[in-house]
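Listed below, chain by chain, are the residues.
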Amino acid sequence: MGVASIPVGPESPIQREYRPRTDFFKGICWLASLLTVLLLVCILLEVFSKAWPAIHRFGFGFITGVQWSPNREVFGVLPVLIGTGISSLLALLFALPLGLAIALFLSEDFLPAPIRQVIRFVIELLAAIPSVVYGLWGIFVVVPLVQQYGGILADKLGFLPIFQGPAYGNSLLTASIVLALMVLPTITAISRSTLVTVPYALREGSYALGATRWETILGVILPTAAPGIVASSILAFGRAMGETMAVAMLIGNSQRLSWSFLAPSNTLSALLANQFAEADGIQVNALMYAAALLVLMTLCVNIAGEAILRHTQKTTAGLR
Amino acid sequence: MSKNSAPVPQNFFTTGGKQTSPLRLLRNRLLTALCIVLSLLTLVPLLSIIILLLRNGLPLLGADLFTQLPPAPGQDGGGFGNAIVGTLVMVGIALIFSVPLGILSAVYINEYAPTSKLAAAVRFVAKLLTGIPSIICGVFAFAAVVMTTHQFSALAGGVALSILILPTILLTSEQALMGVAYAYREASFGVGATPFQTIWRIVLPEALPAMMTGVMLAVARASGETAPVLFTALFSYNWIHSLMEPTASLSVLIYNFASLPYSHHISMAWAASLVLVILVTIVNVSAQIIFRPRHR
């Protein structure tokens, strides 16, 4: 019995099965990954190349212009940019206290676990409702409310530019209220996940010093979780900027420059939603330019939010 | 903690033996109350949405709704059978594109080359794609499909939706693969299996239920989205005959009918919303149920 007695004939089935060979599946997976990366490049290229005629023709004046009249081929998005920014900020202003309150409820032990489970379910439900349904609800509930109480606001506080009358139902305020509801789940989910990572020892330390529950929350827990909460707000801001349908149905779609929250306004995404289907010629390019601006703005906001979130995860990991 | 020790005041341990001043306790209570009020405040809109959906949508709910074509403006009766079919067709097209792409990419970045530059790029891109507004998916599909074929179509709508759901599928698939215990892979390699055999016969079957959860969440998301299909698939009052023609969808029907001045059409928008919300909720809940048995 020696080395020579090993059969050198045809391979056994088992040998064939386990012979190293080129892994085509790896190649396929590699290709898929490459395609995924190229997809984003493709989106950017497609949007910017279709926007190029407009970028070339209108240049920076597109951003500072206040007129949008397709039939005269004059395009300026400054009012729309302002509308986008203010509606998202206002939405954040409404949603942040609510979202934070819920996140605290879900992360602290105010309530027994089953009730917390129910609240979580409700928030998830809120996130699952399609944007267009929020829009429909807004038309029949929020628009009349804003029209009614907006009139009172305009009467009493009309001297402030932001509450200048006349009050419209389809206004910046209406859109912001509904937007606030829509970004609430984002704020709650991310804030909650940062609050949960605050080490328990910090709470114990604070309680041991005699702090009440809220002194602990305000003095220890919230400051520790602050970066995560900021990140959640930034990401929610990004979502609010890109949110389309509910806003398109509620904001009134007016390109007139106005500082009043009670006046109709417009956002970049609502502008795209309303005009793309019927646009032709240079208007398509102008809309692509607007889309490119929207992409750039949301990308910047999201990258900033993600960066802060990642930073938080690192620092809180160090606390444990 | 013996039974015969002196009674300890309730807040002894939290106050170092001193009584907490009533003012601080009051502030504590007030803030808790505020927190409760703010949380309950969010229930109001949700309840309002559900009540209105049921009150305005239920009366119209019937078999006709699912089998008839939408009524022309000003007319009564009809349904939105074509919109339901259109939504299903476009979500189907989206899945055909994004399920293979998402799952294969996830396999690459989690199984084959988790630390490679390409994997890092894929993760980064997936994160960015999640943040891209849904209407941009529509803008891209408009530029890439509608402008080249000179035709609003179900295909364009499907392409837009596939970009929308790709990051969901990719990221949940990656999570699913991460959830497979490393010992399974070691055992597989230990008996001499190649990477392909390990992935194909051990890892993927094990990760499949969690992956299906991701796919179903994506389906729920895609069927509710309006912005990507608004100006890619447009709308139609007829049944779908080919993929290369304007196609109705539930969400665009809601959008179009909500702004019409006819009360019947507005009721239909509510009915369509009710159907859509029920559909999305069923898919979401069943996704959760599929996932549950995996927590062993």
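Data block above holds the structure.
Below, the structure is looked at part by part. Sequence order sets the numbering: in each chain, residues are counted from 1 along the sequence as written. Lettering for chains starts from A, numbering for ligands starts from 1, and both go in the order in which the items are written. With pLDDT at 70 or above as the cut-off, local features in this predicted model cover only qualifying residues; side-chain atom pairs require 80 or more to be listed or tallied, and sums for whole chains, interfaces and linings still use all residues. The basis for every side-chain value is the complete set of heavy atoms in the structure, and neither hydrogens nor water enter the calculation.

On to the interface of chain B and chain A, then. The interface of chain B with chain A comprises 81 residues on the first partner and 74 residues on the second. For the chain B face of the interface with chain A, the top three residues by lost area are I49, F140 and Y255 of chain B, together amounting to 8%. Criterion for a salt bridge: a side-chain nitrogen of Lys or Arg within 4 Å of a carboxyl oxygen of Asp or Glu. Summed over the shared surface of chain B and chain A, the number is 1 salt bridge. For R24 of chain B, the salt bridge identified is with E215 of chain A, shortest N-O distance 2.7 Å. Throughout, a residue-residue contact means that at least one pair of heavy atoms, one from each residue, lies within 4.5 Å. Simply put, the buried area is the total loss of 1.4 Å probe accessible area from both parts when two parts are fitted together.

Another aspect to go through is the environment of E306 of chain A. A helix here means a DSSP run of H or I that spans at least four residues, while a strand means a run of E at least two residues long, and both kinds are numbered starting from the N terminus. With respect to the helices and strands, E306 of chain A occurs in helix α12 (residues 282–319). Note: C-alpha distance between E306 of chain A and P53 of chain A (253 residues apart in sequence) is 33 Å. Other than its neighbours up to four places away in sequence, E306 of chain A contacts L235 of chain A together with K127 of chain B.

All names here are of chain A. Contact geometry for helix α7 (residues 172–197) and helix α9 (residues 213–242): axes closest at 8 Å, N-to-C directions at 150°. When the interaxial angle is binned, α7 and α9 end up roughly antiparallel. The two elements α7 and α9 meet at a crossing, and its hand is right-handed. Packed against α7, whose contacting residues are L179, M182, V183, T186, I187, I190, S191, T194 and L195, the element α9 presents I221, L222, A225, G228, I229, S232, L235, A236, R239 and A240 at the interface. For helices, the fitted line uses only the C-alpha atoms of the stretch in contact; every axis is such a line through C-alpha atoms, and the angle between N-to-C directions lies from 0 to 180 degrees. Just so you know how the angles are binned, under 35 degrees is roughly parallel, over 145 roughly antiparallel, 65 to 115 roughly perpendicular, and the rest oblique. The hand of a helix crossing depends on one turn: near helix anticlockwise from the far one by less than a right angle means left-handed, and clockwise means right-handed.

Here, nonpolar core refers to any group of buried Ala, Val, Leu, Ile, Met, Phe, Trp, Tyr and Cys residues whose side-chain atoms link them within 4.5 Å. Partly exposed residues are those whose accessible area sits between 20% and 50% of the maximum for their type, while under 20% is buried and over 50% is exposed, using a 1.4 Å probe and protein chains only. F62, Y134, L272 and F276 of chain A together with F80, V107 and L129 of chain B are the most contacted members of the largest nonpolar core, which has 196 residues in total. The greatest single-element share of this core, amounting to 16 residues, is contributed by helix α4 (residues 78–107) of chain A. Every residue in contact with Y134 of chain A, bar those within four places of it in the chain, is listed here: L126, I129, V178, L181, M182 and A246 of chain A together with I49 of chain B.

This part covers the pattern of salt bridges. Residues and elements named next belong to chain A. Overall, the coordinates contain 9 salt bridges over all chains when judged by the stated rule. The residue E46 makes a salt bridge to K50 at a minimum N-O spacing of 2.6 Å. Linking E46 with K50, this pair stays in helix α2 (residues 24–58), spanning 4 residues, or about one helical turn. Judged by relative accessible area, E46 falls into the buried class, the value being 17%.

The rule is short: rings of Phe, Tyr and Trp, with Trp giving its six-membered ring, pair when the centres are within 6.5 Å, and they are stacked under 30 degrees, edge-to-face over 60, tilted in between. As enumerated under the stated definition, the model contains 21 aromatic pairs over all chains in all. For the pair F58 of chain A and F75 of chain A, a centre-to-centre distance of 5.5 Å together with 65° between the ring planes defines the contact as edge-to-face. Highlighted residues: F58 of chain A in helix α2 and F75 of chain A in strand β2 (residues 74–75), separated in sequence by 17 residues. Accessibility expressed as a relative area gives 18% for F58 of chain A, which makes it buried. Residues F235 of chain B and F257 of chain B carry aromatic rings whose centres are separated by 6.2 Å and whose planes lie at 65° to one another, so their mutual orientation is edge-to-face. Of the two residues, F235 of chain B sits in the loop between α10 (227–230) and α11 (250–258) while F257 of chain B sits in helix α11, which places them 22 residues apart along the sequence. Judged by relative accessible area, F235 of chain B falls into the buried class, the value being 13%. We classify F257 of chain B as buried; its relative accessible area is 0%. An aromatic cluster of at least three residues, connected via ring pairs, comprises F58, F62, W68, F75 and Y289 of chain A.

With that settled, consider a nonpolar patch on the surface. Residues W30, L31, L34, L35, L38, V41 and L45 of chain A make up a contiguous nonpolar surface patch of roughly 630 Å² in combined accessible area. By relative accessible area, L45 of chain A is classed as exposed at 58%. Candidates for patches are residues over 30% relative accessible area with no salt bridge; among them, like charges are joined within 9 Å and nonpolar side chains (Val, Leu, Ile, Met, Phe, Trp, Tyr) within 5 Å. Here the accessible surface of atoms and residues is derived via Shrake-Rupley with a 1.4 Å probe, and residues count as covered only by protein chains that are part of the display.

All names here are of chain A. Note on placement: Q164 falls in the loop between α6 (131–157) and α7. Between the C-alpha atoms of Q164 and G150, which are 14 residues apart in sequence, the distance is 9.7 Å. The contacts of Q164, once residues within four sequence positions are left out, are G158, S260 and L262.

All right, on to the side chain of T298 of chain A then. Mapped onto the fold, T298 of chain A is located in helix α12. We classify T298 of chain A as buried; its relative accessible area is 0%. Setting aside residues no more than four positions away along its own chain, T298 of chain A makes contact with G238, M241 and G242 of chain A together with G131 and P133 of chain B.

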